[in-house]
Amino acid sequence: MDRAEQARVLEAMVTRLRIFSRQASFERQAVSLEQVVASVFGILQFQLSRRGVRLEWVGDPPKVLVSSDPQQLQQVFVNLVVNARDAVEGCEEANRTLRLVHGAVDNGRAYRVVVVDDGSGVSDAVRDRVFELFFTTKDAEHGTGLGLSISKEIVEGFGGTLRLLDRAATALLPGGGVTAFEVVLPIWIDSKSTGSSA
């Protein structure tokens, strides 16, 4: 399979993923952020521990439900944590802790989780392209350039945002940091309990 054919196959795969994410976005449900991240840790625990990388909440884990889908949100956080894990590869042990900063935003209507690492950082040239389809700084065996692009579409499909914080905003986070990706999702509102009665 030549490069042109590989590109066509990848493009077709991405199209199918995008269609799926748009369809799934209409099937929103109450999702526990704490449980999603716990499942991510369960998936990646062996890889993280083998590399001496820790994943921890800053403060108590959030007891909040957001409007999303647990499997797709798990996919988003797996991608973000794997990227952060790779970023701290080769760092001193003190810098191999991945932190999850969290809190309510938008006057309590949404909730954010920020995945923070103290790794090698993102250059100015790369910052503008991190969500670009097929763009990756990893070699062909370790990166496809799909993870962040698809993750962004998933989060936006649920009415949220995924962005790379600038250095000034990252520095203001508890404990600071080098690179920070912020996921913001709407708080789950049960329409049955908020519906008005006649």
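Above this text you will find the structure in question.
Computed from a predicted structure; not experimentally measured.

Each value, and the rule that gives it
Residues numbered from 1 in each chain as written. Predicted model: local features only at pLDDT ≥ 70, side-chain atom pairs only at ≥ 80, totals over all residues. Heavy atoms only, no water. Helix = DSSP H or I, 4+ residues; strand = E, 2+ residues; numbered from the N terminus. Buried < 20%, exposed > 50% of the residue type's maximum accessible area, 1.4 Å probe, protein only. Contact = heavy atoms within 4.5 Å. Areas by Shrake-Rupley, 256 points an atom, 1.4 Å probe, with all protein chains shown as cover. Pairing = 2+ DSSP bridges. Axes fitted to C-alpha atoms, helices over the stretch in contact; angles between N-to-C directions. Expected span 1.5 Å × (residues − 1). Bend = angle between axes of the 7 residues up to and from the residue. Left-handed = near helix turned anticlockwise from the far one by under 90°. Nonpolar A, V, L, I, M, F, W, Y, C, P; charged D, E, K, R; others polar. Parallel < 35°, antiparallel > 145°, perpendicular 65-115°, else oblique.

J.: For this particular structure, what's the right way to read the overall build of the protein chain?
T.: Across its full length, the protein chain holds 7 helices and 7 strands. In sequence order, the protein chain lays out its α and β elements as α-β-α-β-β-α-β-β-α-α-β-α-β-α. Here the protein chain, with 198 residues, has 41% of them falling under the buried criterion. Long-range contacts, defined as pairs at least 24 residues apart, comprise 73% of the intrachain contacts of the protein chain with a sequence gap of at least 6. Accessible surface computed for the protein chain: about 11200 Å², of which carbon and sulfur atoms make up 52%.

J.: Before we go on, may I ask you to explain the sheet that holds strand E7 (residues 179-186) in this structure?
T.: Strand pairing in a sheet takes place through backbone hydrogen bonds and is either antiparallel or parallel in direction. If you trace the 5 strands from one edge of the open sheet to the other, you get E2-E4-E5-E7-E6, paired in mixed fashion. Every interior strand has two partners, whereas the edge strands, strand E2 (54-57) and strand E6 (161-164), have only one. Across the sheet, the axes of successive neighbouring strands diverge by a mean angle of 15 degrees, strand direction being ignored. Two elements, strand E5 (residues 110-117) and E7, share 8 bridges in a ladder whose sense is antiparallel. Across the sheet, valine 116 pairs through a bridge with alanine 180, a residue of E7. Of the strands in this sheet, E2, strand E4 (97-105) and E5 touch helix H2 (residues 33-50), which is tilted by about 165 degrees from E2.

J.: What's the story with H2 in this structure? I'm lost.
T.: Structural remark: α-helix, 3.6 residues per turn; residues separated by three or four positions point the same way. For H2, with 18 residues, the first-to-last C-alpha span of 25 Å sits near the 26 Å given by 1.5 Å per residue. Where H2 bends most, the angle comes to about 65 degrees, and this point is leucine 44. If you check which residues of H2 are buried, you get Leu33, Val36, Val37, Val40, Leu44 and Leu48. Just downstream of H2 lies glycine 52, where phi reads positive at about 70 degrees.

J.: So what exactly am I meant to see when it comes to the pairing of E2 here?
T.: Remark: a regular strand shows side chains that alternate across the two faces of the sheet. Residues Leu55 and Trp57 of E2 are buried on one face, while the alternating residues Arg54 and Glu56, pointing to the opposite face, are not. In this structure, E2 lies alongside E4, joined through 4 bridges in parallel fashion. Opposite tryptophan 57, over in E4, you have leucine 100 as the bridge partner.

J.: Looking at this model, I keep getting lost on the packing of helix H3 (residues 70-87) against helix H5 (residues 147-157). Mind explaining?
T.: Any two packed helices are characterised by the angle at which their axes cross and by the distance between the axes. Remark: H3 packs on H5, axes separated minimally by 9 Å, with the N-to-C direction vectors making an angle of 145 degrees. Along this stretch, H3 crosses H5, giving a crossing that reads as left-handed. Listed contacts from H5 to Gln72, Gln75, Val76, Asn79, Leu80 and Asn83 of H3 are Gly147, Leu148, Ile150, Ser151, Ile154 and Val155. The residue makeup of the contact of H3 with H5, split by class, is 6 nonpolar, 6 polar and no charged.

J.: Please explain the environment of glutamate 89 as it appears in this structure.
T.: Of note, glutamate 89 is situated in the loop between H3 and E4. In sequence terms glutamate 89 and glycine 52 are 37 residues apart; their C-alpha atoms lie 9.3 Å from each other.

J.: Mind showing me how you'd approach the pairing of E4 here?
T.: Along E4, 7 of the 9 residues are buried, which leaves the element largely enclosed by surrounding structure. Pairing of E4 with E5 involves 7 bridges; the strand directions are antiparallel. Note that in E5 the partner of glycine 103 across the bridge is arginine 112. Between E4 and E5, which pair antiparallel one after the other, the connecting turn spans 4 residues, and aspartate 106 there sits at a positive phi close to 55 degrees.

J.: Explain the packing of H2 against H3 to me, please; I cannot follow it from the model alone.
T.: Across the interface, H2 lies against H3 with an axial gap of 9 Å and an inter-helix angle of 45 degrees. The angle between H2 and H3 falls in the class oblique. For the crossing formed where H2 meets H3, the hand is right-handed. Packed against H2, whose contacting residues are Leu33, Val36, Ser39, Val40, Ile43, Leu44, Gln47 and Leu48, the element H3 presents Pro70, Leu73, Gln74, Phe77, Val78, Val81, Val82 and Arg85 at the interface. Looking at the contact of H2 with H3, its residues break down into 12 nonpolar, 3 polar and 1 charged.

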